[in-house]
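As a plain string of letters, each chain reads:
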Amino acid sequence: MTALLEVPGLAEPARPKKLSYSERVLESGLRVVAVRRPTVPLVEVRLRVPFFSARARHRARSALLAGTIRTGTAEHDRLGLAEALGDLGAELSVGADPDRLLLSASAIASGLPALLGLYAEILTSASYPNAEVGGERGRLLERITMSRSQAGVMAGEALAQRMAPGHPYGRTLPDEQEVAATTAAQLRTLHAGMVRPDGALLVIVGDISPARALAAAESALAGWTGAAPAGKVAPPPPVAGGPLRIVDRPGSVQTAFRFGGPGLPRQDERYPALQLANLVFGGFISSRWVENIRERRGFSYSPRSALDHEALRSSFLISADVATEVSAPALLETLYELGRMASGPVTEAELETVRQYAIGTLAISTATQSGLASTVANLLGAGVELEWLSSHPARLARVTVADVAEVAAEFLAPRRLVGVAVGDAGAITAPLAGIVEVE
């Protein structure tokens with residue numbers, strides 16, 4: 001007879017090491033942070049440019065700008081830029097959201113000065129050729145149309161509008177008509193007015209000397225100048241609870257539920273407790289809600305809750321896609337688990353499990369050069385200094401059952417959330433109305 005092996009318990013997590021980094025604010029207002037992480041002979045670069053704007057059509061123009069900023073400069077066309085990046089073993093991606101324009105790249109470490117030179121070229125002389133803008137405009141319109149045919153995307157848009165009506169955060173996709181009307185000249189104007197170094201952040205992580213990386217950035221980007229754009233965007237109004245909004249998707253075989261409410265920023269002293277409360281509820285595979293509606297009942301394959309951080313707010317979000325016929329019982333179980341979190345304590349065993357999970361996932365997220373670069377850019381971009389990375393595990397370790405109960409009662413109570421359900425209204429309205437108020 002084979003003896004059963006005893007599985008050892010979890011070891012205490014290693015104490016996080018402090019980062020080896022240097023930083024400098026250049027005369028242009030660009031903050032440069034260089035972190036030494038010599039695990040492989042590569043370098044990761046993240047340039048985060050604030051891109052707040054409440055102006056009409058900004059969402060459409062920023063999406064097109066992100067898609068075409070690499071398609072031509074004063075020195076290279078699209079192919080020439082691609083070849084120059086390829087010579088460095090580099091990849092460059094660009095994305096935009098209401099908060100920022102983000103240029104992300106990786107390359108061999110020895111190619112950092114040349115890579116920063118290409119960044120400077122794009123930042124100072126992106127040309128937005130008419131033909132390239134026209135091609136990207138057509139591709140973007142196709143992507144928007146395809147996205148808006150999906151229930152999950154529809155639900156995300158509907159929830160964003162409920163949580164931030166009339167605010168840039170209330171729009172997750174550009175308007176098709178605004179995209180169609182955008183010209184190359186307008187993109188050049190947007191670039192000149194908003195792609196500026198004042199207030200921007202450059203993060204460099206890899207097998208580098210931080211001092212030399214700072215010098216390389218200062219040299220390469222000396223010609224990128226310009227004050228921060230005038231005008232500020234106000235935070236969105238506070239989220240107020242209300243009826244569940246049903247968005248009709250005739251014939252849909254699934255219902256996409258999305259709920260959202262206020263959260264806490266990472267700097268808040270209660271954030272560690274809210275982070276752990278979210279994990280107990282639905283933030284990882286063994287959480288209460290996931291065990292309930294996925295494992296025991298089979299209502300949803302990928303229910304998930306999360307804390308989301310934007311420059312002007314933090315939010316608690318939950319999402320689940322379920323078959324139409326189980327929409328009502330899935331909603332009932334979701335409200336039950338939220339109510340259980342808000343009205344009763346978690347166990348010591350639950351708390352310790354999610355504490356170890358949170359500490360472990362933080363370590364994993366910063367274990368690679370790429371993960372560390374993205375994490376550092378996200379934190380600094382949100383006003384969180386790098387000390388947070390090394391001190392946050394200790395804050396998590398101090399959270400008590402009572403702390404979790406307090407924040408869960410405030411932030412996870414169903415009355416604090418707004419929600420949407422995208423599905424076949426004829427099939428789901430009456431069953432859902434038997435559980436909650438709907439509109």
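This write-up is about the structure you can find in this document. A quick note: this is a predicted structure, and the numbers were derived from the prediction, not measured.

**With respect to the sheet that holds strand β11 (residues 418-423)**
What holds strands together in a sheet is hydrogen bonding between their backbones, with the strands either parallel or antiparallel. Across the sheet, 5 strands lie side by side as β7-β11-β8-β10-β9; this open sheet has mixed pairing. Because the sheet does not close on itself, it has two edges, and the strands there are β7 (245-248) and β9 (304-310). Taking each pair of neighbouring strands and ignoring which way they run, the sheet shows an average axis angle of 20°. On the sheet, helix α11 (residues 327-343) packs against β8 (254-262) and β10 (313-323) and is oriented at approximately 145° with respect to β10. Against the sheet, helix α16 (residues 425-433) touches β7, β8 and β11, its axis set at about 165° to β7.

**Let's talk about the pairing of β11**
On a regular strand, each side chain points to the face opposite its neighbour's, so the side chains alternate between the two faces of the sheet. In terms of burial, β11 is a largely internal element, 6 of the 6 residues being buried. Across the two faces of β11 the burial is the same, with V418, V420 and V422 and G419, A421 and G423 all buried. Sheet topology note: the β7/β11 ladder contains 4 bridges and is parallel. Note that in β11 the partner of V247 across the bridge is V422. With 5 bridges joining them, β8 and β11 adopt antiparallel strand pairing. Bridging across to β11, F257 finds its partner in A421.

**Thoughts on the pattern of salt bridges**
Under the counting rule described, the total for this entry stands at 24 salt bridges. In this structure, the salt-bridge partner of E387 is R395, at a minimum N-O distance of 4.0 Å. On the accessibility criterion, E387 (48% relative accessible area) is partly exposed. Residue R395 is classed as partly exposed on the basis of its relative accessible area of 21%. Several salt bridges share partner residues, and in doing so they unite E23, R31 and E385 into one network.

**Some words on the packing of aromatic side chains**
By convention here, two paired aromatic rings are described through the distance between centres and the angle between planes. All chains considered together, the criterion is met by 4 aromatic pairs. Ring geometry for F281 against W289: centres 5.2 Å apart, planes inclined by 10°, an arrangement best described as stacked. Pair check on accessibility: F281 and W289 agree, each one buried. Considering the side-chain rings of F281 and F316, the 6.2 Å spacing of their centres and the 65° angle between planes classify their relative orientation as edge-to-face. Within this pair, whereas F281 is found in helix α9 (residues 271-283), its partner F316 is found in strand β10, the two being separated by 35 residues in sequence. Per residue, the accessibility class of F281 equals that of F316, and both read buried. Ring pairing ties together the aromatic residues F281, W289 and F316, which thus form one cluster.

Conventions we followed
- Residues numbered from 1 in each chain as written.
- Predicted model: local features only at pLDDT ≥ 70, side-chain atom pairs only at ≥ 80, totals over all residues.
- Heavy atoms only, no water.
- Pairing = 2+ DSSP bridges.
- Helix = DSSP H or I, 4+ residues; strand = E, 2+ residues; numbered from the N terminus.
- Axes fitted to C-alpha atoms, helices over the stretch in contact; angles between N-to-C directions.
- Contact = heavy atoms within 4.5 Å.
- Buried < 20%, exposed > 50% of the residue type's maximum accessible area, 1.4 Å probe, protein only.
- Salt bridge = Lys/Arg side-chain N within 4 Å of Asp/Glu carboxyl O.
- Phe/Tyr/Trp six-rings, centres within 6.5 Å; stacked < 30°, edge-to-face > 60°.

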